[in-house]
Amino acid sequence: MSAVRVSIRGKVQNVWYRAWTTEHAKTFGLRGWVRNRSDGSVEALFIGAEETIKSMIEACRRGPPDARVNGIEEFAAEDDGSAGFTQRETE
């Protein structure tokens, strides 16, 4: 199992990005979470097989139809023990 935290920038709030991410992460069988950040970005933690995480990050580059992703930063992370994939409150 691998864990990667991502920061997604662009027009990613108020376009259903968190709900879209949650739906797709569950489809990919990933664990973790997604949340809006007060700076206008979206942050997510993906936990699962390395190749599956890579596929999820590639999907995040497109996002839902109304999103406009300008960039994604990836950071190595630890498995935080998340059960399933959830949306968290804005931080």
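A few points on the structure. Predicted, not measured: the structure shown is a model, and the values here were computed from it.

A few words now on the packing of aromatic side chains. Applying the stated criterion across every chain, the model contains 2 aromatic pairs. With 5.7 Å between their ring centres and 50 degrees between their planes, tyrosine 17 and tryptophan 20 make a pair best called tilted. Highlighted residues: tyrosine 17 and tryptophan 20, both in helix 1 (residues 17–28), separated by 3 residues, approximately one helical turn. Side by side, tyrosine 17 and tryptophan 20 carry an identical accessibility label, which is buried. Taken together, a centroid distance of 5.9 Å and an interplanar angle of 20 degrees make the contact between phenylalanine 46 and phenylalanine 85 stacked. Note that phenylalanine 46 is positioned in strand 3 (residues 42–48) and phenylalanine 85 in strand 5 (residues 85–87), a separation of 39 residues in sequence. Phenylalanine 85 matches phenylalanine 46 in its accessibility class, with the two residues each being buried. Over the face of the ring belonging to phenylalanine 75 we find arginine 5, whose NZ or CZ atom lies 4.3 Å from the ring centre.

Side-chain pairing between opposite charges can occur once the charged atoms of the two side chains come close. Inspection of every chain in the model, using the stated rule, returns 12 salt bridges. Between glutamate 43 and arginine 5 there is a salt bridge whose closest N-O contact spans 3.0 Å. Here glutamate 43, found in strand 3, pairs with arginine 5, found in strand 1 (residues 2–11); they are 38 residues apart in sequence, far enough to count as distant. The class for glutamate 43 is buried, based on a relative accessible area of 4%. Note that glutamate 91 is salt-bridged to arginine 37, the shortest N-O span being 3.8 Å. Residue glutamate 91 is found in the segment after strand 5, and its partner arginine 37 is found in the loop between strand 2 (31–36) and strand 3; the two are separated by 54 residues along the sequence. Salt bridges here are not isolated pairs; linked through shared partners, they connect Arg5, Arg35, Arg37, Glu43 and Glu91.

Calculation notes
- Residues numbered from 1 in each chain as written.
- Predicted model: local features only at pLDDT ≥ 70, side-chain atom pairs only at ≥ 80, totals over all residues.
- Heavy atoms only, no water.
- Phe/Tyr/Trp six-rings, centres within 6.5 Å; stacked < 30°, edge-to-face > 60°.
- Helix = DSSP H or I, 4+ residues; strand = E, 2+ residues; numbered from the N terminus.
- Buried < 20%, exposed > 50% of the residue type's maximum accessible area, 1.4 Å probe, protein only.
- Lys NZ or Arg CZ within 6 Å of the ring centre and 35° of its normal.
- Salt bridge = Lys/Arg side-chain N within 4 Å of Asp/Glu carboxyl O.

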